[in-house]
Amino acid sequence: MTHFAKIESDIVTQIIVAEQDHIDTIEGTWVETTFAGIGFTYDVAKNKFIKPQPYPSWSLDENDDWQPPLAYPDDGKHYDWNEEISSWEILND
């Protein structure tokens, strides 16, 4: 059994586990996946699934990974992104 993603307008709308023989009998565009989830974008040219954008201010890097406008602090503390102030906020431990 294999995971397949249904693609509609470049967006994953459904994930099912099935045999290829079954996929060949159902309507729609289905792509084999081990990574995608509902809401992911499928880039046909790259044959690649891209996660949904986590925040409006984040942008895709050259590897199609979402990056914040400011790097995550490297001080050993835990942070969460605050879109309202476009910055990392420390979490209470």
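So, here's what we can say about the structure. Note that this is a predicted model, so its numbers are computed, not measured. (Residues numbered from 1 in each chain as written. Predicted model: local features only at pLDDT ≥ 70, side-chain atom pairs only at ≥ 80, totals over all residues. Heavy atoms only, no water.)

**Some thoughts on the overall build of the chain**
Keep this limit in mind: Secondary structure elements are taken from DSSP: a helix is a run of H or I of four residues or more, a strand is a run of E of two residues or more, and numbering for both begins at the N terminus. Radius of gyration here uses only the C-alpha atoms, and the compact-globule reference equals 2.2 Å multiplied by the residue count raised to the power 0.38. Between buried and exposed lies partly exposed: a residue is buried under 20% and exposed over 50% of the maximum accessible area for its type, with that area taken using a 1.4 Å probe on protein chains only. For accessible areas, the Shrake-Rupley method is used with a probe of radius 1.4 Å. Any residue's cover is judged against the shown protein chains and nothing else. Positive charges come from Lys and Arg alone, negative charges from Asp and Glu alone, with His and the N- and C-terminal ends not counted. Positions of charges follow a simple convention, taking NZ of Lys, CZ of Arg, CG of Asp or CD of Glu.
Per the secondary structure count, the chain includes one helix and nine strands. The order of helices and strands in the chain, counted from the N terminus, is β-β-α-β-β-β-β-β-β-β. Taking 12 Å as the expected radius of gyration for a compact globule of 93 residues, we find that the chain reaches 18 Å, considerably beyond that expectation. In terms of principal-axis extent, the alpha carbons of the chain reach across some 50 × 30 × 20 Å. Across the 93 residues of the chain, 27% fall into the buried class. Element-wise, carbon and sulfur atoms account for 48% of the exposed surface of the chain, whose accessible area totals about 6,600 Å². Between the averaged position of the 5 positive side-chain charges in the chain and that of its 19 negative side-chain charges there is a distance of 3 Å.

**Some words on the packing of aromatic side chains**
Rules: Aromatic rings from Phe, Tyr and Trp, taking only the six-membered ring of Trp, are treated as a pair when their centres fall within 6.5 Å; an angle between ring planes under 30 degrees marks them as stacked, one over 60 as edge-to-face, and anything in between as tilted.
The final tally for this structure, using the stated rule, is eight aromatic pairs. Taken together, a centroid distance of 5.7 Å and an interplanar angle of 90° make the contact between Tyr72 and Tyr79 edge-to-face. Judged by its relative accessible area of 39%, Tyr72 is partly exposed. Where Trp81 meets Trp88, the ring centres are 5.1 Å apart and the plane angle is 75°; that geometry is what we call edge-to-face. Both residues of the pair, Trp81 and Trp88, count as buried. Three or more aromatic residues joined by ring pairs form one cluster here, namely Tyr55, Trp58, Tyr72, Tyr79, Trp81 and Trp88.

**Comments concerning unusual backbone geometry**
The backbone of Asp10 shows a phi angle near 70°, a positive value even though the residue is not glycine. Its place among the elements puts Asp10 in the loop between β1 (2-8) and β2 (11-18). Residue Ser86 is not a glycine yet carries a positive backbone phi of 50°. As for its position among the elements, Ser86 is in the loop between β8 (79-82) and β9 (87-90). Here Ser86 falls in the partly exposed class, since its relative accessible area comes to 35%.

**A short note on the environment of Ser9**
If you trace the backbone, Ser9 turns up in the loop between β1 and β2. Take Ser9: its relative accessible area is 72%, and that puts it in the exposed class. Along the backbone, Ser9 and Thr41 are 32 residues apart, and their C-alpha atoms lie at a distance of 8.9 Å.

**Here's the deal with the environment of Lys77**
Where we set the bar: Contacts are assigned to residue pairs with any non-hydrogen atoms lying within 4.5 Å of each other.
Structurally, Lys77 can be placed in the loop between β7 (66-67) and β8. C-alpha of Lys77 to C-alpha of Val31: the two residues are 46 residues apart in sequence and 39 Å apart in space. In contact with Lys77, not counting residues within four places along its chain, are Tyr72 and Ile90.

**Quick word on the pairing of β2**
Remember that side chains alternate between the two faces of the sheet whenever the strand is regular. Defined as follows: Pairs of strands are assigned from DSSP output, requiring at least two bridges between the strands.
The pairing of β1 with β2 spans seven bridges and is antiparallel. If you follow Ile7 over to β2, its bridge partner there is Val12. Counted along the chain from β1 to the antiparallel partner β2, the turn is two residues long, and its residue Ser9 has a positive phi close to 55°.

**Some thoughts on the nonpolar core**
Inclusion rule: Here, nonpolar core means buried Ala, Val, Leu, Ile, Met, Phe, Trp, Tyr and Cys residues that are tied together by side-chain atoms lying within 4.5 Å of each other.
Counting eight residues, the largest nonpolar core is built from Ala5, Ile7, Val12, Val31, Ala36, Phe40, Tyr42 and Phe49. Counting six residues, the second largest nonpolar core, distinct from the first, contains Ile50, Trp66, Trp81 and Trp88.

Just geometry here; none of it tells us what the structure is for.
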